[in-house]
Amino acid sequence: MQSTPIQPALIQSTLSQQIAPFHVMELVKQADALAQQGHPVVHLSIGEPDFGTPPPVLEAYCTALAEHKTRYTAALGLMPLREAIAGFYQSQFGVLVRPEQIVVTSGASAALQFACLALLNPGDEVLLTDPGYPCNKTFVQAAGGQPRFVQTNAANNFQPTAEDLSAAWRPNTRGALLASPNNPTGTRLSASQCQAICTAIAQRGGFLIMDEIYQSLCYGSPARSILQTMGPPDEHNQLVVINSFSKYFGMTGLRLGWMVVPDYLVEGVEKLAQNLSICPPAPAQWAALACFDQAALDICEARRAEFGQRRDFLLKALPEAGLVVDTTPDSAFYLYVKTPIDSDNYCNRLLNQHWVCAVPGKDFSINLGHERMRLSYANSLNNLHQAVERIRAFNTSLGVA
Ligand SMILES: Cc1ncc(COP(=O)(O)O)c(C=O)c1O
C-alpha cells in the first residue's frame, strides 16, 4: 500500500515553523569552512566569554561528580545555593532577598520560559524591545502570548523610556520583558529610568520581567540591580528578575541560572519546574556554590577588567577604522554598530574577503537590523587588533575609512 507523502507544514506546529533561524549560524558555518581551508578567521560573533569556567568552579564541579552528586535535586534548586544567591544580593547590592524567593533554573533560558509560562494566558501581550535578545519572543509565544515590539534607538541608548512603554500599552498588554544590560547593544537603564518604568507599569497593573544576565559585566560604573530601586519582588511591583551563571561566572555550558520572584509565583513556578525540567543540573549547582568564594570572584573580577580594556580599545579603534559607534555601551561584551552598507552584505564580505566573522543585525532587530551588526569582544585583545585592521582595510575599499 502506498502511503500519502507527509506534508511537513501540516504536521509541524505553527510555533516551530514560525521561529526565525539565527542567521549568524549560516555565517559561522562559512567561517568554519574558511578556517578549515587555512584562513585566519577572527570571530567577533561569539555570545559567550572566551575565558571558560573559573578553575575553582571547575574543581568544585569535578568534586561534585567524584562524590556522585548527580541525583535530582529539589525542583527550585539546592537550598544552600539559593541562600548563597541571596547572600550575593546582600553583599553586592545591599538588597535583602529571601532565599525562598530565589529559584535556580537551567540557565536564564529556563527562567525566562518559567516566567512567561507562570504569568501569561493565551492572547496576552508582552512588550519587548527592538533591538533585543531574539529568543524572548519565542518564550512569550511558547506561553501563548503575543510579543509586541517597542522600538528603541541610539539616542535613548537602545533602552525604552517609561513613555515608550506607556504609549505601546494596549488593553491586552500584561507586562514587559526587558534586559538591562541588553544584548545586542551592551547598554543599560539608569536607576531613575528603572524607577519611571516600574511606576508606569505598576499604574497599569502589569508585570515586569527584568533580565539582568549581564549585570556584573559592566565597565566604568558599578553593577546595578533593579532590586536596589524597587526592593524585592512582591505583589505591588510584580517584578521578576532573571539572572545566570553563564556570563560573569563563565558557566555557559553548565546550564545554570536563577530567577527572583514574588512569593505568589513560587508555587506556580515550582510546579512548572517539576513538570518541565524536574530540576536544574545537580553537579552544576554544587559547582556554582564555589562562584561566591573570594577565589572565584577575584578571577571573575580580573576577567571583567580585561573585558573593560577590550571595550575601551574598540570604542576608540572602530571609529578610526571607519565605523560609526553612536552609543557608549558600558556592559556585556557587545557593540551594536552601524554598517556602511547593508549589514548582511557587509558581514558576508567582511567574512569572505577579510575573514572577520560578525553578526548581521537582523538577528536582533526587525527595523534596524539591516543597518547594524553586533560585534562581540569575547576574544583576545590581540585578535581584536587584527580584526580592526581588517575592518579598516575593508572600509578603505568601500571608501569610508
Ligand atoms: C539577554 C540574554 N538573556 C538570556 C540569555 C540566555 O542565557 P543562558 O540560558 O545561557 O543563561 C542570553 C544568552 O546569550 C542573553 O543574551
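Residues numbered from 1 in each chain as written. Predicted model: local features only at pLDDT ≥ 70, side-chain atom pairs only at ≥ 80, totals over all residues. Heavy atoms only, no water.

Remarks on the pattern of salt bridges
Line of reasoning, step 1. Applying the stated rule across the entire model yields 16 salt bridges.
Line of reasoning, step 2. The salt bridge partner of Lys 69 is Glu 67, with a shortest N-O separation of 3.1 Å.
Line of reasoning, step 3. Since its relative accessible area comes to 46%, Glu 67 is described here as partly exposed.
Line of reasoning, step 4. Note that Arg 98 is salt-bridged to Glu 100, the shortest N-O span being 4.0 Å. (Salt bridge = Lys/Arg side-chain N within 4 Å of Asp/Glu carboxyl O. Buried < 20%, exposed > 50% of the residue type's maximum accessible area, 1.4 Å probe, protein only.)

Remarks on the sheet that holds strand β2 (residues 102–105)
Line of reasoning, step 1. Strand order across the open sheet formed by 7 strands is β2-β8-β7-β6-β5-β3-β4, with mixed pairing between neighbours. Looking along the sheet, the strands with just one partner apiece sit at the ends: β2 and β4 (146–151). Recorded for the sheet is a direction-independent mean angle of 25° between the axes of neighbouring strands.
Line of reasoning, step 2. Across the face of the sheet, helix α7 (residues 135–142) comes into contact with β3 (125–130), β4 and β5 (173–179) while running at roughly 150° to β4.
Line of reasoning, step 3. Contacts between helix α9 (residues 191–203) and the sheet are confined to β5 and β6 (207–211), with β6 contributing the most and set at about 150° to the helix. (Pairing = 2+ DSSP bridges. Helix = DSSP H or I, 4+ residues; strand = E, 2+ residues; numbered from the N terminus. Axes fitted to C-alpha atoms, helices over the stretch in contact; angles between N-to-C directions. Contact = heavy atoms within 4.5 Å.)

Quick notes on the site of the ligand
Line of reasoning, step 1. Taken together, 13 residues lie around the ligand, and Ala 108, Ser 109, Asp 211, Ser 244 and Ser 246 are the ones closest in.
Line of reasoning, step 2. Contact between the ligand and Ala 108: an oxygen atom at 2.7 Å from a main-chain N or O atom of the residue.
Line of reasoning, step 3. Separating an oxygen atom of the ligand from a side-chain N or O atom of Ser 109 is a distance of 2.5 Å.
Line of reasoning, step 4. Protein contacts shield 92% of the accessible area of the ligand, which totals 400 Å² for the unbound molecule.
Line of reasoning, step 5. For the shell around the ligand, the element with the highest residue contribution is helix α6 (residues 107–119), accounting for 4 residues.
Line of reasoning, step 6. Its residues assigned to classes, the shell around the ligand comprises 5 nonpolar, 5 polar and 3 charged. (Near = heavy atom within 4 Å. Polar contact = N/O pair within 3.5 Å; in protein donor to acceptor, adjacent residues only side chain to side chain. Areas by Shrake-Rupley, 256 points an atom, 1.4 Å probe, with all protein chains shown as cover. Nonpolar A, V, L, I, M, F, W, Y, C, P; charged D, E, K, R; others polar.)

Focus: the packing of helix α14 (residues 343–354) against helix α15 (residues 381–398)
Line of reasoning, step 1. For the pair α14 and α15, interaxial distance at closest approach is 11 Å and the crossing angle is 115°. Between α14 and α15 lies a crossing whose hand is right-handed. Every residue of α15 that contacts α14 at Tyr 346, Arg 349, Leu 350, Gln 353 and His 354 is listed here: Arg 390, Ile 391, Ala 393, Phe 394, Asn 395 and Leu 398. (Left-handed = near helix turned anticlockwise from the far one by under 90°.)

Description of the pairing of β2
Looking along a regular strand, one sees side chains alternate from face to face of the sheet.
Line of reasoning, step 1. Here β2 shows no split at all, with Ile 102 and Val 104 on one side and Val 103 and Thr 105 on the other all buried.
Line of reasoning, step 2. Where β2 meets strand β8 (residues 257–260), 4 bridges bridge the pair, whose relative direction is antiparallel. Within the sheet, the bridge partner assigned to Val 104 lies in β8 and is Trp 258.

Remarks on the domain arrangement of the protein
Line of reasoning, step 1. For the protein, the assigned domains are domain 1 (8–52 + 296–398) and domain 2 (55–293).
Line of reasoning, step 2. Computed over C-alpha atoms only, the centres of domain 1 and domain 2 are separated by 25 Å.
Line of reasoning, step 3. Between domain 1 and domain 2, the residue contacts involve 38 residues of the former and 42 residues of the latter.
Line of reasoning, step 4. For the pairing of domain 1 and domain 2, the buried interface totals around 3,200 Å² over both sides, and the portion due to carbon and sulfur atoms is 61%.
Line of reasoning, step 5. Between the two partners, domain 1 and domain 2, sit 1 salt bridge.
Line of reasoning, step 6. A salt bridge links Arg 188 to Asp 330; its shortest N-O distance comes to 3.0 Å.
Line of reasoning, step 7. At the junction of domain 1 with domain 2, the criterion picks out 19 residue pairs in polar contact (both at pLDDT 80 or more).
Line of reasoning, step 8. When contributions to the side of domain 1 that touches domain 2 are tallied by element, the ones reaching two or more residues are α2 (14–18), α13 (294–320), β9 (334–338) and β12 (372–376).
Line of reasoning, step 9. Of the residues assigned to the side of domain 1 that touches domain 2, the class counts are 19 nonpolar, 9 polar and 10 charged. (Domains from an automatic or database assignment. Buried area = accessible area lost by both parts, 1.4 Å probe.)

Topic: the sheet that holds β9
Line of reasoning, step 1. As summarised here, the arrangement of the 3 strands in space is β9-β12-β11, forming an open sheet in which the pairing is antiparallel. Two strands in the sheet have a free side with no partner beyond their single neighbour: β9 and β11 (359–360).
Line of reasoning, step 2. The sheet contact formed by β9 and β12 spans 5 bridges and is antiparallel. Bridge pairing in β12 links Tyr 334 to Ser 376.

Some remarks on the side chain of Arg 311
Line of reasoning, step 1. Here Arg 311 lies in helix α13.
Line of reasoning, step 2. Assessed through its relative accessible area of 11%, Arg 311 is described here as buried.
Line of reasoning, step 3. In this structure the side chain of Arg 311 is engaged in a polar contact, spanning 3.0 Å, whose partner is the side chain of Asp 312.
Line of reasoning, step 4. Each residue touching Arg 311, except ones within four places of it in the same chain, is listed here: Tyr 219, Thr 328, Pro 329, Asp 330 and Tyr 377.

Here we look at the packing of aromatic side chains
Line of reasoning, step 1. Enumeration over the complete set of coordinates arrives at 20 aromatic pairs.
Line of reasoning, step 2. Each ring, one from Tyr 214 and one from Phe 333, has its centre 5.8 Å from the other, and the planes form 85°; the classification is edge-to-face. A residue pair is termed long-range when its members are at least 10 positions apart, and Tyr 214 in the loop between β6 and α10 (226–230) and Phe 333 in the loop between α13 and β9 qualify at 119 residues.
Line of reasoning, step 3. Residue Tyr 214 is classed as buried on the basis of its relative accessible area of 4%.
Line of reasoning, step 4. Judged by centre distance (5.0 Å) and plane angle (70°), the rings of Tyr 248 and Phe 249 are edge-to-face.
Line of reasoning, step 5. Given the relative accessible area of 1%, Phe 249 is considered buried.
Line of reasoning, step 6. Among the aromatic side chains, those forming a connected cluster through ring pairs are Phe 88, Tyr 89, Phe 93, Phe 245, Tyr 248, Phe 249, Trp 258 and Phe 292.
Line of reasoning, step 7. Looking at Lys 69, its charged tip hangs above the ring of Trp 286, at a distance of 4.1 Å from the centre. (Phe/Tyr/Trp six-rings, centres within 6.5 Å; stacked < 30°, edge-to-face > 60°. Lys NZ or Arg CZ within 6 Å of the ring centre and 35° of its normal.)

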